[in-house]
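# Structural features, examined
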Amino acid sequence: MIRIGSRLTPSLRHYTSSSQRITKFTMSGFYDLSPLDAKGEPFPFSQLKGKVVIIVNVASKCGFTPQYEELEELYKKYKDQGFEVIGFPCNQFAHQEPATNEEIVQFCKLNYGVTFPVLKKVDVNGADADPVYVYLKSQKSGLLGFKGIKWNFEKFLVDRKGQVKDRYSSITKPLSLEKTIETLLKEEGGPAPTATTEATATATADAAKPSGESL
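Residues numbered from 1 in each chain as written. Predicted model: local features only at pLDDT ≥ 70, side-chain atom pairs only at ≥ 80, totals over all residues. Heavy atoms only, no water.

## Overview of the pairing of strand S1 (residues 52–58)
The condition that has to hold: The cut-offs for exposure are 20% and 50% of the maximum accessible area for each residue type, with area from a 1.4 Å probe on protein chains only; residues under the lower value are buried, those over the upper are exposed, and the others partly exposed. Put simply, DSSP H or I for four residues or longer makes a helix, DSSP E for two residues or longer makes a strand, and each gets a number counted from the N terminus. Two strands make a pair as long as DSSP finds a minimum of two bridges between them.
Within S1, 7 of the 7 residues are buried, leaving the element largely enclosed by the surrounding structure. Burial of S1 is two-sided: the residues Val52, Ile54, Val56 and Val58 facing one way and the residues Val53, Ile55 and Asn57 facing the other way are all buried. Summarising the sheet, S1 and strand S2 (residues 83–89) pair through 7 bridges and their orientation is parallel. Looking at S2, one finds that Asn57 is bridged to Phe88. Pairing between S1 and strand S3 (residues 155–158): 4 bridges, direction antiparallel. Looking at S3, one finds that Ile55 is bridged to Phe156.

Structural data, given as structure tokens:
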């Protein structure tokens, strides 16, 4: 470690603290993360166990903002099968998300009918990047190995076991990921069957058996 006298230079001190911070968050698992929602309350990722998840950095004044519509379409179609979409507003790209958290949530609902969680506005790059993005970028690099987020509406796809399976650029339309999502939803690691699901399965099996035979 390079020192000038007995102290680190400001740039080296910043580099050291940033490196320690990255190491801390990358050693944690996906389900250990707990960002804040739009109201400032914890949103623990432990509640996402067994689900397929798309995480996307969003903005309301971007050319890609209409992707909200396709994200919502996917969410509505597959949420009952264990699919989740999580939006993270970010103002780091051309200041295209200047609104407050409350205004962002209202914008999403009024203009695109968004019902999936849109959490607290965060940084996705730099020293103040949210731990979620520190972790995601450490797990999957972008084009040519570049780890930083390049623009709004980059997407990370996480499987039922909390593994970051892939990363998609802003130009990738959400609906183009539908087949991949369906494949991941069929993989093991999903939520345990509910009592209702088990009862339905039993009733179906009983109905299929010849009369007089029981399970």
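## A closer look at the pattern of salt bridges
Applied cut-off: Basic side-chain nitrogens of Lys or Arg form a salt bridge, by our definition, when they fall within 4 Å of a carboxyl oxygen of Asp or Glu.
Evaluated as defined, the whole model comprises 5 salt bridges. Lys77 is paired through a salt bridge with Glu178; the nearest N and O atoms lie 2.5 Å apart. On the criterion of sequence distance, the pair formed by Lys77 in helix H2 (residues 67–78) and Glu178 in helix H5 (residues 178–186) is long-range, its members being 101 residues apart. On the basis of relative accessibility, which here comes to 17%, the residue Glu178 falls in the buried class.

## Thoughts on H2
For the record, the criterion: To estimate how far a helix should extend, the number of its residues minus one is multiplied by 1.5 Å. Note on definitions: a residue-residue contact is assigned when non-hydrogen atoms from the two residues lie within 4.5 Å.
End to end, H2 covers 17 Å across 12 residues, agreeing with the expected 16 Å (1.5 Å per residue, within 8%). Check the buried side of H2 and you find it contacts S1, S2, helix H3 (101–112), S3 and H5.

## Describing H5
Test applied: The directions from the helix axis to the C-beta atoms form the arc being described.
All buried positions along H5 are accounted for by Glu178, Ile181, Leu184 and Leu185. Relative to the axis of H5, the buried residues are bounded by an arc of 125 degrees and lie together on one face. Facing away from the buried side of H5 by more than 90 degrees, the exposed set consists of Lys179 and Lys186. Of the surrounding elements, those touching the buried residues of H5 are S1, H2, S2, S3 and strand S4 (164–168).

It is worth stressing that arrangement in space is one thing and function is another; only the former is reported here.
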